[in-house]
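# Coordinate analysis (summary)
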Amino acid sequence: MVWTGGRDIAAAEIRQAPRLAPFRIEPGTFGPGRPDCALLLSRQHRVLLGGAGADGALAAIHALAGLPGVRQARPLVGLRYVHLLTDAHDIVIANGMHAETMLRTDRSERLLAGMDRSNVPPGATRPCRPILHNRQARALAARRDGPLWPRPSSPVP
């Protein structure tokens, strides 16, 4: 871990800009213990579909909305998005779910624009796994038996 940061978002700000609302993944949505309790992620945050190694691919959580257990939340109070930056883009476990660390892109830089980034070192700019287009992610996840569906025995990559 080379840097952690966060962004507080007020409930009023989410009401004004619904795209800021998090997506909620219910326990067990992606298999036993995946996640092990409810998990909130920003819409662009990617989760790993499939096993460890080259088999897995990353999908933005908003692309999976509508699947049983994945929906956009409407928080009544504000929230804090936490960003984890590592030397190389990587996979971490969040509430039992494989999810990505921060990938430095034009989009992520815009999201961080309001933060003091003077102490943010250069970070990963190459994805650690293939990134699925939204349509691909929806099609594979909806099948629930495809090669990219999470396997309960998958270790941390």
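No experiment lies behind these values; they were computed from the predicted model shown. (Residues numbered from 1 in each chain as written. Predicted model: local features only at pLDDT ≥ 70, side-chain atom pairs only at ≥ 80, totals over all residues. Heavy atoms only, no water.)

For the chain, mean pLDDT is 83; residues scoring 70 or higher make up 80% of the total. Of all secondary-structure elements in the chain, the lowest mean pLDDT belongs to helix H2 (residues 106-111), at 74, while strand S3 (residues 39-41) reaches the highest, 97. Here residues 152-157 scores under 50 on pLDDT; set against residues more than four positions off or in separate chains, the count is 18 contacts. (pLDDT = per-residue confidence, 0-100. Helix = DSSP H or I, 4+ residues; strand = E, 2+ residues; numbered from the N terminus. Contact = heavy atoms within 4.5 Å.)

Residue Pro35 is bonded to the preceding Arg34 through a cis peptide linkage, with omega at -10°. Here Pro35 shows up in the loop between strand S2 (23-25) and S3. Within the chain, Asn95 stands out as a residue other than glycine whose phi angle is a positive 55°. Tracing the chain through its elements places Asn95 in the loop between strand S8 (91-94) and strand S9 (97-100).

Here we come to the sheet that holds strand S6 (residues 70-72). Strands sit in the order S3-S2-S6 across an open sheet of 3 strands; the sheet is antiparallel. What marks the edges here is a single partner per strand, and that holds for S3 and S6. Across the sheet, the mean angle separating the axes of adjacent strands is 25° when strand polarity is ignored. Pairing of S2 with S6 involves 3 bridges; the strand directions are antiparallel. The residue bridging Arg24 from the neighbouring strand is Arg71, located in S6. (Pairing = 2+ DSSP bridges. Axes fitted to C-alpha atoms, helices over the stretch in contact; angles between N-to-C directions.)

For His83, the position within the fold is in strand S7 (residues 79-85). On a C-alpha basis, the gap between His83 and Thr4 in space is 5.5 Å, while along the polypeptide they are 79 residues apart.

Before going further, it helps to spend a moment on the side chain of Thr29. With respect to the helices and strands, the residue Thr29 is situated in the loop between S2 and S3. Assessed through its relative accessible area of 8%, Thr29 is described here as buried. From its side chain, Thr29 meets the backbone oxygen of Glu26 in a polar contact 2.7 Å long. Engagement of the side chain of Thr29 in a polar contact is seen with the backbone oxygen of Gly69, the distance being 3.4 Å. (Buried < 20%, exposed > 50% of the residue type's maximum accessible area, 1.4 Å probe, protein only. Polar contact = N/O pair within 3.5 Å; in protein donor to acceptor, adjacent residues only side chain to side chain.)

A full pass over the atoms with the stated rule returns 5 salt bridges. Notably, a salt bridge pairs Glu13 with Arg7, separated by 3.3 Å at the nearest N-O pair. Assessed through its relative accessible area of 23%, Arg7 is described here as partly exposed. A salt bridge links Arg71 to Glu26; the nearest nitrogen and oxygen atoms lie 3.9 Å apart. Here Arg71, found in strand S6, pairs with Glu26, found in the loop between S2 and S3; they are 45 residues apart in sequence, far enough to count as distant. Exposure remark for Arg71: the relative accessible area of 42% places this residue in the partly exposed category. Salt bridges sharing common partners tie together Arg24, Glu26 and Arg71. (Salt bridge = Lys/Arg side-chain N within 4 Å of Asp/Glu carboxyl O.)

Right, let's get into the nonpolar core. If you look at the biggest cluster of nonpolar residues, it comprises 19 residues, and the most contacted ones within it are Ile25, Phe30, Val47, Leu49, Ile61, Leu64 and Leu132. Elements supplying a minimum of two residues to this core: S2, S3, strand S4 (46-49), strand S5 (57-60) and helix H3 (134-143). At 3 residues, the largest contribution of residues to this core is made by H3. Apart from residues lying up to four places away in sequence, Ile61 is in contact with Phe23, Ile25, Leu41, Ser42, Arg43, His45, Val47 and Val70. Listed in part, the 6 residues of the second largest apolar core include Ile9, Ile14, Leu20 and Leu79. (Core = buried A, V, L, I, M, F, W, Y, C linked by side-chain atoms within 4.5 Å.)

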